[in-house]
Amino acid sequence: MANILIVEDEKNIQEIIAEYMRRSSHTCFTADDGTDALMILKNNPMDLMILDIMMPNLDGFTVCKLAREISNLPIIMLTAKGSEDDKLKGYDLGADDYMTKPFSPKVLLAKANALLRRSPVLLADTINAGKISLTPASHKVFVDGQEIVLTHKEYELLHFFMVNPEQIFSREQLLNRIWGYDFEGTTRTVDTHIKTLRQKLGDEGKHIVTLIRSGYKFEAAV
């Protein structure tokens, strides 16, 4: 199935998570701290990371930020911190979901499988709009021939927009389509991700158009 990296310094929690992931035939890689996690991530293809925040050496927020520079894999933050500000910080750094300890391993497994299933369908070899080229098979995005690194959610947003050009989507629709109906965040998450996506696209960010009181749409010919 999938390669899952579990980053958790509490061995008993690490083992419980790994046991549940293996029940779904996933292959598990484990790390006790952020430094080891980044090393594993650089040297092994990963499909998803479960990342604790409170860890020695590098905390989860730092690992999430650094991981986003080299990969767009889905990230589930796992932590004792449960405030809205902490969750928003995680989402802003590129996390895709959030679970607060104590948690249900069954629910964590369900969230992991949902993120893995939600990977965009391979509709074409390459999707183009303006100077943007998106390759679904490799999840790579190029602007004017230069590859740009997107988070998993930024990629999913761009892919969704590009295969549904000229259609208007409300923030609630985007939240449900990209994050899922069980997502606990707010529509601010959509705005934050679109802001960073536009920044990474540079001048080509103009394709993502904000419609006051309506939401967003992707204009292919601008």
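Residues numbered from 1 in each chain as written. Predicted model: local features only at pLDDT ≥ 70, side-chain atom pairs only at ≥ 80, totals over all residues. Heavy atoms only, no water.

Visitor: For the sheet that holds strand β5 (residues 97–100), give the residues involved together with the corresponding values.
Guide: Taken together, 5 strands build an open sheet; the order of strands is β2-β1-β3-β4-β5 and the sheet is parallel. Looking at which strands have only one partner, the edges of the open sheet turn out to be β2 (27–31) and β5. Within this sheet the neighbouring strands show an average axis-to-axis angle of 20°, counted without direction. Bridging between strand β3 (residues 48–52) and strand β4 (residues 75–79) involves 4 bridges; their strand directions are parallel. From the neighbouring strand, Asp 52 faces β4, where its bridge partner is Leu 78. (Pairing = 2+ DSSP bridges. Helix = DSSP H or I, 4+ residues; strand = E, 2+ residues; numbered from the N terminus. Axes fitted to C-alpha atoms, helices over the stretch in contact; angles between N-to-C directions.)

Visitor: Tell me about the pairing of β3, and name the residues and values.
Guide: For β3, the tally of buried residues reaches 5 of 5 residues, placing the bulk of the element in the interior. Side chains Leu 48, Ile 50 and Asp 52 project from β3 onto one buried face, and the interleaved Met 49 and Leu 51 project onto a second face that is buried too. As judged from the 4 bridges shared by strand β1 (residues 3–7) and β3, these two strands associate in the parallel manner. Its bridge partner being in β3, Val 7 is matched across the sheet by Leu 51. The handedness of the β3 to β4 crossover, carried by helix α3 (residues 60–67), is right-handed. (Buried < 20%, exposed > 50% of the residue type's maximum accessible area, 1.4 Å probe, protein only. Right-handed = clockwise from strand over helix to strand, strands pointing away.)

Visitor: Please provide a residue-by-residue account of the packing of helix α7 (residues 171–179) against helix α8 (residues 188–201), values included.
Guide: Two numbers describe how α7 lies on α8: the axes approach to 9 Å, and their chain directions differ by 80°. By the angle between their directions, the pair α7 and α8 is classed as roughly perpendicular. For the pair α7 and α8, contact is made by Arg 171, Leu 174, Leu 175 and Trp 179 and by Thr 189, Val 190, Asp 191, His 193 and Ile 194, respectively. A class-by-class count of the residues in the contact of α7 with α8 yields 5 nonpolar, 2 polar and 2 charged. (Parallel < 35°, antiparallel > 145°, perpendicular 65-115°, else oblique. Contact = heavy atoms within 4.5 Å. Nonpolar A, V, L, I, M, F, W, Y, C, P; charged D, E, K, R; others polar.)

Visitor: Go over the pattern of salt bridges, please, and point to the residues and values.
Guide: Throughout the structure, instances matching the rule amount to 11 salt bridges. Note that Arg 68 and Asp 96 form a salt bridge whose closest N and O atoms lie 3.2 Å from each other. In this pair, Arg 68 is assigned in the loop between α3 and β4 and Asp 96 in the loop between α4 (84–92) and β5, connecting sequence segments 28 residues apart. Since its relative accessible area comes to 2%, Asp 96 is described here as buried. Here the salt bridges do not stand alone but share partners, grouping Glu 8, Glu 10, Asp 52 and Lys 101 into one network. (Salt bridge = Lys/Arg side-chain N within 4 Å of Asp/Glu carboxyl O.)

Visitor: Lay out helix α6 (residues 152–163) in plain terms, naming residues and giving numbers.
Guide: With 12 residues, α6 extends 17 Å from end C-alpha to end C-alpha; this agrees with the ideal 16 Å at 1.5 Å per step. Of all 12 residues making up α6, 11 are buried, and the element is well covered by its neighbours. Of the positions making up α6, those classed as buried are His 152, Lys 153, Glu 154, Tyr 155, Glu 156, Leu 157, Leu 158, His 159, Phe 160, Phe 161 and Met 162. (Expected span 1.5 Å × (residues − 1).)

These values are about where atoms sit, not about what they do.
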